[in-house]
Amino acid sequence: MTMAKTIHARSRTKEVLIRLSAYLTILVALVVTLFPIYWIASNSFKFDIDIFAVPPEWLPVNPTLKHYDQAFIQRPFLRYALNSFLVAVGTTMVSVTFGTMAGYALARFSYPWQWRKQISFWILSTRMMPPIVSIIPLYLFFNYFDMLNTKSALIVAYTAFNLPFATWMMKSYFQDLPVELEEAAIVDGDTRWGAFLHVALPLARPGLAATAIFCLIISWNEFLLSLIITLTEQSQTLPIGIAGRVTQYNTYWGEISAAGFMACVPIVIFAFIVQKHLVRGLSLGAVKG
């Protein structure tokens, strides 16, 4: 009995240590992840002289809304934010819509001569190319169609880079769904399109949420294409507006912090809205080929 109790006690101690190590790892990861956001938020409420104080002020001693007034009242950051919102939402809707249909076609339909693998690899290969390689062709394309300096050009360009990702994500989710459910719907008199809309698509909501949040984040944060394609504040996005506060004479850290912190808010709100589906979607077979 004594030996059994000793073994049980050692087992419990080992289990407690493993759990404490897991909690400590999670705590470290949270600090590393959230501290930059906290520091940006803190700096946005400080005066310029307090941002560079030594030792640093971990909390704003004399909080101010000066930088928010400069960013969103005196300067057109609201226009930048609206442009980013329209471009990101438009890109996400187009990418998820076409990516869902393409992913379903690759997961369910049969192709001769192994074309499914070849088409899948061709779609994936477009993500292997750095975006900077396509800058000149895209610029010439949009210039030819008189689309430079427009939000529609950004939506087209962002969709071109998000669509392969959305297609592969949705292809993996549809492959995890039992095909017998759709076959049963077709046997009951539904069409292939009806089985897709009424059976497969509702079951793929976690995948749709995960794909949408990633497409939205990529489009919201994109900098390079927007820098080249847009030239004026009428169509420039928030990353370009924030980067514009770094000039050859000064860097306006307060405005950058205020605009950067507010740029995080829409993504966080959207993530909270879809988190129920997002967590489940990330746990499915998104990494399968």
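What you see is a predicted model, and the numbers here were worked out from it, not measured in a lab.

Caption draft 1: A look at the overall build of the chain. Looking only at helices and strands, one finds 14 helices and 0 strands in the chain. Taken from N to C terminus, the helices and strands of the chain fall in the order α-α-α-α-α-α-α-α-α-α-α-α-α-α. At 25 Å, the chain has a C-alpha radius of gyration far larger than the 19 Å of a compact globule built from 289 residues. By principal-axis analysis of the C-alpha atoms, the chain measures approximately 85 × 70 × 35 Å. Across the 289 residues in the chain, those meeting the buried criterion constitute 37%. For the chain, the share of sequence-separated contacts (at least 6 apart) that also reach a separation of at least 24 residues comes to 72%.

Caption draft 2: Fine view of the environment of alanine 209. Positionally, alanine 209 belongs in helix α10 (residues 205–221). Along the chain, alanine 209 and alanine 271 lie 62 residues apart, while their C-alpha atoms are 9.0 Å from each other.

Caption draft 3: The arrangement of the UniProt feature "transmembrane region" (unreviewed entry) in the chain in detail. In the numbering used here, UniProt assigns the feature "transmembrane region" (unreviewed entry) to residues 20–41, 85–107, 119–140, 208–232 and 252–274. Taken end to end, residues 20–41 is 100% helix and 0% strand, and its two terminal C-alpha atoms sit 30 Å from one another. Structurally, residues 85–107 is divided into 100% helix and 0% strand, and its ends, taken at the C-alpha atoms, are 32 Å apart.

Caption draft 4: Representation of the side chain of glutamate 222. Tracing the backbone through its elements, the reader meets glutamate 222 in the loop between α10 and α11 (224–229). Residue glutamate 222 is classed as buried on the basis of its relative accessible area of 14%. A distance of 3.0 Å separates a polar atom in the side chain of glutamate 222 from the backbone nitrogen of leucine 224. If we ignore the near neighbours within four places in the chain, the residues touching glutamate 222 are Tyr158, Thr237 and Pro239.

Caption draft 5: Region of the structure containing unusual backbone geometry. Across the junction of valine 54 and proline 55, the peptide omega takes the value 0°, indicating a cis bond. In this structure, proline 55 sits in the loop between α2 (48–51) and α3 (66–74). At aspartate 146, a residue that is not glycine, the phi angle is positive and equals roughly 55°. Mapped onto the fold, aspartate 146 is located in the loop between α6 (135–144) and α7 (151–176).

Caption draft 6: A look at the UniProt feature "domain: ABC transmembrane type-1" (unreviewed entry) in the chain. Under the present numbering, the feature "domain: ABC transmembrane type-1" (unreviewed entry) in UniProt falls on residues 81–274. The annotated region residues 81–274 carries 75% helix and 0% strand content, and the separation between its end C-alpha atoms amounts to 21 Å.

Caption draft 7: Highlighting the packing of aromatic side chains. On inspection of all chains with the given rule, the structure shows 17 aromatic pairs. Between tyrosine 68 and phenylalanine 72, the aromatic rings sit 6.5 Å apart at their centres with planes inclined by 15°, giving stacked as the arrangement. With tyrosine 68 and phenylalanine 72 both in helix α3 and 4 residues apart, the pair spans about one turn of that helix. As far as the burial class goes, tyrosine 68 and phenylalanine 72 line up, both buried. Plain terms: the ring middles of phenylalanine 141 and phenylalanine 142 are 5.3 Å apart, the flat faces sit at 70° to each other, and that makes the pair edge-to-face. Cluster of aromatic residues (ring-pair linked, three or more members): Phe45, Tyr68, Phe72, Phe77 and Tyr80. Positioned above the aromatic ring of tryptophan 39, the side-chain terminus of lysine 46 is 4.2 Å from the ring centre. The positively charged end of arginine 245 is found above the aromatic ring belonging to tyrosine 252, 4.2 Å away from the centroid.

Conventions adopted
Residues numbered from 1 in each chain as written. Predicted model: local features only at pLDDT ≥ 70, side-chain atom pairs only at ≥ 80, totals over all residues. Heavy atoms only, no water. Helix = DSSP H or I, 4+ residues; strand = E, 2+ residues; numbered from the N terminus. Rg over C-alpha atoms; globule rule 2.2 N^0.38 Å. Buried < 20%, exposed > 50% of the residue type's maximum accessible area, 1.4 Å probe, protein only. Contact = heavy atoms within 4.5 Å. UniProt positions renumbered as here; feature names shortened; annotations may be inferred. Polar contact = N/O pair within 3.5 Å; in protein donor to acceptor, adjacent residues only side chain to side chain. Phe/Tyr/Trp six-rings, centres within 6.5 Å; stacked < 30°, edge-to-face > 60°. Lys NZ or Arg CZ within 6 Å of the ring centre and 35° of its normal.

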